[in-house]
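Each chain, written out:
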Amino acid sequence: MADAEENASSEDASEMLPAESGKLAAPERRPESRRDVPAGESPVEELPAEDSSAEDSVEEAVADGAFAEDLTGAEDFSQKALSERTRKAYRRAWADFESYCEEVGKGSLPARPVTVAAYINSRARGRPTSRGAPKNRSGEGLAASTLEQRLAAIKYYHESDGLASPTDHPQVSRVMQGIRNDEERQEALPRTEAAPLVSSDLKQALEVLPGSGSAPPRSETAEYARWLRGRRDCALLLLGFATALRPRELTQVEKQHVTREVKGPNEGLIVHIPRSKADQIAEGQTVTALKNEANPTYCPVRALSRWRRAASIDEGPLFRGVRRDAAVLPGPISYRTLNRLVKRACRKAGLEPEGFSSAKKRRYSAHSLRAGHVTDASSRGASDSALMLQTRHADPKTLRKYDRPAQQLEESSSAFLGLYQKE
């Protein structure tokens, strides 16, 4: 989960987050308070009006200036409450909701619960082709997870404007629960998940990558660029698999985030993640990648060093684009680039993901590295606690969503049934 350009306007809430459109109120001048004068007593004589007014106006101007400065700072911080990815997703969701409200002639801010209920029904039953979906898929409804994100955006916009969210109304909750429980709808929706790229498959994918051996002459620009990309892709696949990083976390790793450590017999890399999907308050998390002494060919530590030396990276993003003229770009690669290179390597290696049914398809993607780590390590005896420490899942239920057929066979409770026991 290309964005159209968004022209921000203070009067158009559909083009921006509420924190942008609903700015904090500007400082207002408070009326001067007057003391209550008891009956029968004359008021205390005051200083001349011009002197009092001059002093008060100076003090108020200073106070107003300080408040305005604090207000600007508060607005700056409010913009950082959500990640840019979430902000874009909310903007798209809100624009779609406003579009629906305009079509049916209903208000969007504030919106009534019945309007929100009708909206999610509309999007659950058919995906609007105007949002860029292929025409041959226009009859599909949005997934429940996507609808929940739409509701989250509607809630965010309302609460940011100081309004009660209609998404909390039982009428909306019941419709959403019904969407989740609709068996016919669930069967009609195609489900595609990342196939785990386990060790044996990863080795095959690495074998087809260029970049092994010595570098070709720089004069052979195309070959040299291809060799460089091979070195980068090898480091990406090995580090992504070893650390179980989320794809977008992997693309954003910088030189300053990685340290090499030795602890007893173990040597490896410690990768710091400043902020992640599971760490929205940016406390920081770490993952590790051990040095592979048993088989240096598949060592993430050595692969990363080889790529860094080849690309002359001493600071900034580690995984960068390589142009056709073999120039290494300064910025990090995108999630789409990572996704494409994983798919390409698996396709060239002739790998075919195992499927389960026509309703649940599997394919290789950037997330296959993380899924492969969980599947492979679990099938070889890694405990859930060790896996959760590496994957940073807060809930074991989330970790178990990864399909681990091998482990399920090894740990099947069927083995304990009397039916399977020798008599």
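Here the structure is a predicted model, which is why all the values come from computation and not from measurement.

Asks: Any chance you could break down the overall build of the protein for me, citing the residues and the numbers?
Replies: Each helix and strand counted, the protein has 16 helices and seven strands in total. In the protein, which comprises 423 residues, the proportion classed as buried is 36%. Accessible area for the protein stands at about 25900 Å²; split by element, carbon and sulfur atoms hold 49% of it.

Asks: Please give an account of the pattern of salt bridges that cites residues and values.
Replies: Considering all chains together, one arrives at 15 salt bridges under this definition. The residue Arg-226 makes a salt bridge to Glu-223 at a minimum N-O spacing of 4.0 Å. Separated by three residues within a single helix, Arg-226 and Glu-223 lie in helix H9 (residues 221-243), roughly one turn from each other. The class for Arg-226 is partly exposed, based on a relative accessible area of 42%.

Asks: Outline helix H12 (residues 335-348), listing residues and values.
Replies: Between its first and last C-alpha atoms H12 spans 20 Å; for 14 residues at 1.5 Å apiece the expected length is 20 Å, and the two agree. Taken together, the buried positions of H12 are Leu-338, Asn-339, Leu-341, Val-342, Ala-345 and Cys-346. Here the buried residues of H12 occupy an arc of 170° about the axis, which is enough to place them on one side. Residues of H12 that are exposed and angled more than 90 degrees away from the buried face: Arg-336, Arg-347 and Lys-348. Buried residues belonging to H12 abut helix H8 (199-207), H9, helix H10 (247-251) and helix H13 (368-379). Once H12 ends, the next one or two residues include Gly-350, with phi positive near 75°.

Asks: How would you summarise the sheet that holds strand S3 (residues 266-273) if you had to cite specific residues and measurements?
Replies: One open sheet accounts for three strands, arranged S2-S3-S4; its pairing is antiparallel. This sheet does not close on itself; its edge strands, each paired only once, are strand S2 (258-263) and strand S4 (285-290). Averaged over all pairs of adjacent strands, the angle between their axes in this sheet comes to 30°, without regard to strand direction. Two elements, S3 and S4, share six bridges in a ladder whose sense is antiparallel. Bridge pairing in S4 links Ile-270 to Thr-288. Contacts from H9 reach S3 and S4 within the one sheet, and its direction differs from that of S4 by about 115°.

Asks: For the packing of aromatic side chains, give the residues involved together with the corresponding values.
Replies: In this structure the tally under the stated criterion is seven aromatic pairs. Seen in terms of ring centroids, Trp-94 and Tyr-157 are 4.3 Å apart; in terms of plane orientation they differ by 5°. Their pairing is stacked. With Trp-94 in helix H3 (residues 84-104) and Tyr-157 in helix H5 (residues 144-160), the pair connects residues that are 63 residues apart, well separated along the chain. Assigned by exposure class, Trp-94 and Tyr-157 land together as buried. Pairwise contacts between aromatic rings join Tyr-90, Trp-94, Phe-97, Tyr-100, Tyr-119, Tyr-156 and Tyr-157 into one cluster.

Asks: Describe H9, and please don't skip the residues or the numbers.
Replies: With 23 residues, H9 ought to run about 33 Å at 1.5 Å a step, and its terminal C-alpha atoms sit 33 Å apart, in line with that. With 17 of its 23 residues buried, H9 lies for the most part within the structure. At the exit of H9 stands Ala-244, carrying a positive phi of roughly 60°.

Asks: With reference to specific residues and values, describe the environment of Asp-201.
Replies: Topologically, Asp-201 is positioned in helix H8. Residue Asp-201 is classed as buried on the basis of its relative accessible area, which comes to 19%. Asp-201 sits 152 residues away from Pro-353 along the chain, and the two C-alpha atoms are 9.8 Å apart. With sequence-adjacent residues up to four places away left out, Asp-201 is seen in contact with Leu-351 and Tyr-364.

Asks: An account of the side chain of Arg-370 is needed here, citing residue identities and associated values.
Replies: Residue position: Arg-370 is located in helix H13. Within the structure, the side chain of Arg-370 is placed 2.5 Å from the backbone oxygen of Ala-244, a separation counted as a polar contact.

Asks: Could you give an account of unusual backbone geometry, with specific residues and numbers?
Replies: In this structure, the amide linkage connecting Leu-109 to the following residue, Pro-110, adopts the cis form with an omega of 0°. Its place among the elements puts Pro-110 in the loop between H3 and helix H4 (113-125). The phi torsion at Ala-244 lies on the positive side, around 60°, for a residue other than glycine. For Ala-244, the position within the fold is in the loop between H9 and H10. Phi angles above zero are rare outside glycine, and Ala-326 is one such case at about 75°. Within the element layout of this structure, Ala-326 appears in the loop between strand S5 (320-322) and strand S6 (328-332). A relative accessible area of 15% places Ala-326 in the buried class.

Asks: Residue-level account of the packing of H9 against H13, with values.
Replies: For the pair H9 and H13, interaxial distance at closest approach is 7 Å and the crossing angle is 50°. By the angle between their directions, the pair H9 and H13 is classed as oblique. With respect to the hand of their crossing, H9 and H13 are arranged in right-handed fashion. Residues Leu-236, Leu-237, Gly-240, Phe-241, Ala-242 and Thr-243 of H9 lie in contact with H13, whose contacting residues are Leu-369, Gly-372, His-373 and Asp-376. Looking at the contact of H9 with H13, its residues break down into five nonpolar, four polar and one charged.

Conventions used here
- Residues numbered from 1 in each chain as written.
- Predicted model: local features only at pLDDT ≥ 70, side-chain atom pairs only at ≥ 80, totals over all residues.
- Heavy atoms only, no water.
- Helix = DSSP H or I, 4+ residues; strand = E, 2+ residues; numbered from the N terminus.
- Buried < 20%, exposed > 50% of the residue type's maximum accessible area, 1.4 Å probe, protein only.
- Areas by Shrake-Rupley, 256 points an atom, 1.4 Å probe, with all protein chains shown as cover.
- Salt bridge = Lys/Arg side-chain N within 4 Å of Asp/Glu carboxyl O.
- Expected span 1.5 Å × (residues − 1).
- Arc of directions from axis to C-beta.
- Contact = heavy atoms within 4.5 Å.
- Pairing = 2+ DSSP bridges.
- Axes fitted to C-alpha atoms, helices over the stretch in contact; angles between N-to-C directions.
- Phe/Tyr/Trp six-rings, centres within 6.5 Å; stacked < 30°, edge-to-face > 60°.
- Polar contact = N/O pair within 3.5 Å; in protein donor to acceptor, adjacent residues only side chain to side chain.
- Parallel < 35°, antiparallel > 145°, perpendicular 65-115°, else oblique.
- Left-handed = near helix turned anticlockwise from the far one by under 90°.
- Nonpolar A, V, L, I, M, F, W, Y, C, P; charged D, E, K, R; others polar.

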